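One letter stands for each residue in the lines below.
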Amino acid sequence: MLSKKIIINELSIFFKISSDSFNEKTIASEIPDWNSLTHAELIIHLENKFNFEFNLDELMKIDNVGDLIKIIQKKHK
Amino acid sequence: MIFIPFLILAINFSVINLFGLTIIFILMRAYSAYLFKAPKNIDTFIYIFFIPEIITGPFRPYTHWSKINFNGFFNKLNLFKIIDHLIIILFVGIFFSYLYSYTNSKIIKSLLIYLTLYYQFRSASEIANCLSISLGQSYVKNFNSPLLATSITDFWNRWHISLGYFAKTHVNQLITIYLAKTGINIKLSYFISVIYTFVFIGLWHNISYSYLFFGFYFGIIIFLERIFASTVDKIFSNFKFKDVIGIIYTQTAHLISLFIVSEYIYKILIVP
């Protein structure tokens, strides 16, 4: 299973900010460049990076970084 | 999921628009309950048909719903706040009709409609929240000073926040991702999805050319803002009155949209 640290590190690389800016409760509006367009780019980036695909239900359940981590970890069990 | 707007528009076509808004809220709540695997019991039924919220919003996702609790209903019911907001709705309506009858200027009329819509809608959402809280629910913020928004994107993050969030996460982002995965350039995917989302929101209010234009108008502005945001930020980074210019630009752009759809909005205001 992918660790929380690896996923947060990937977010930090993608948004080009420190990984300290992310925790499980972080929501998109708290990250300056996290908008609808970059969200779509991020999802595609994560799918390519970790080699899996989000389904529609999973995409709609992402409210914060914690949800994102949970879904990715579930896919990598 | 991305075809749901078509279903919604079909409903809007077939029933009176005011009921259309309510039916759409019921559908959204039913979908949220389905998405988060709500149990098939009376509590889920109450969530889907919770009258205070399906009439005016805010839209509450199922994850923000707690079991209805009548314990301490009268202690939690903030009657003073409800009366306060009812007075605002009535006072704004009276004040609006008085000023409206004294002007022939369409711009001033649109401005009056805009301000009346804002204060009445915000108060209606607050009353729905008061009733929800007294039944054991949490507060759902639906407005965050939209008159102080510094861009149209910022405006839609402050006006009817709960609906905007639903449209963003359940329509806009999904279509962008779906189109981008089919090989379409990501920015073009975003453009198509943002136009689709705003046309859907516009036609949800009323099936008319005015609201079709409303959808294209905001879709294009938001796309341009997203694409040029960093350039504009760089240009105005050291400018002292950056926010003031942002507020003037946003409110002017919004007023232009109300100029187009004011006839419909006039009908839904509470005016004595």
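This structure is a prediction, so every number in the text was calculated from the model and none was measured.

Here the focus is the interface of chain B and chain A. Each partner contributes to the interface: chain B provides 15 residues, whereas chain A provides twelve residues. At ten residues, helix α9 (residues 161-181) of chain B tops the list of elements feeding residues into the side of chain B that touches chain A. Looking at side-chain class alone, the side of chain B that touches chain A contains seven nonpolar, five polar and three charged residues.

As assigned here, chain B comprises domain 1 (4-71) and domain 2 (146-268). The C-alpha-based centres of domain 1 of chain B and domain 2 of chain B are spaced at 24 Å.

In this section: the packing of α9(B) against helix α10 (residues 186-205) of chain B. Residues and elements named next belong to chain B. It is the contact of α9 with α10, at a shortest axis distance of 8 Å, that shows an interaxial angle of 145°. Like other packed secondary-structure pairs, α9 and α10 cross with a definite hand, here right-handed. Where α9 abuts α10, its residues Ala167, Val171, Asn172, Ile175, Thr176, Leu179 and Ala180 lie against Ile186, Ser189, Tyr190, Ile192, Ser193, Val194, Tyr196, Thr197, Phe200 and Ile201. By residue class, the composition of the contact of α9 with α10 is twelve nonpolar, five polar and no charged.

Residue and element names in this part refer to chain B. Residue lysine 37 is not a glycine yet carries a positive backbone phi of 50°. Mapping lysine 37 onto the fold places it in the loop between α2 (17-35) and α3 (42-48). For lysine 37, a count of 8 C-beta atoms within 10 Å puts it in the exposed group. One non-glycine residue, histidine 160, adopts positive backbone phi at about 45°.

Conventions adopted
Residues numbered from 1 in each chain as written. Chains lettered and ligands numbered in written order. Predicted model: local features only at pLDDT ≥ 70, side-chain atom pairs only at ≥ 80, totals over all residues. Contact = placed C-beta atoms within 7 Å. Helix = DSSP H or I, 4+ residues; strand = E, 2+ residues; numbered from the N terminus. Nonpolar A, V, L, I, M, F, W, Y, C, P; charged D, E, K, R; others polar. Domains from an automatic or database assignment. Axes fitted to C-alpha atoms, helices over the stretch in contact; angles between N-to-C directions. Left-handed = near helix turned anticlockwise from the far one by under 90°. Buried ≥ 20, exposed ≤ 12 C-beta atoms within 10 Å, placed from the backbone.

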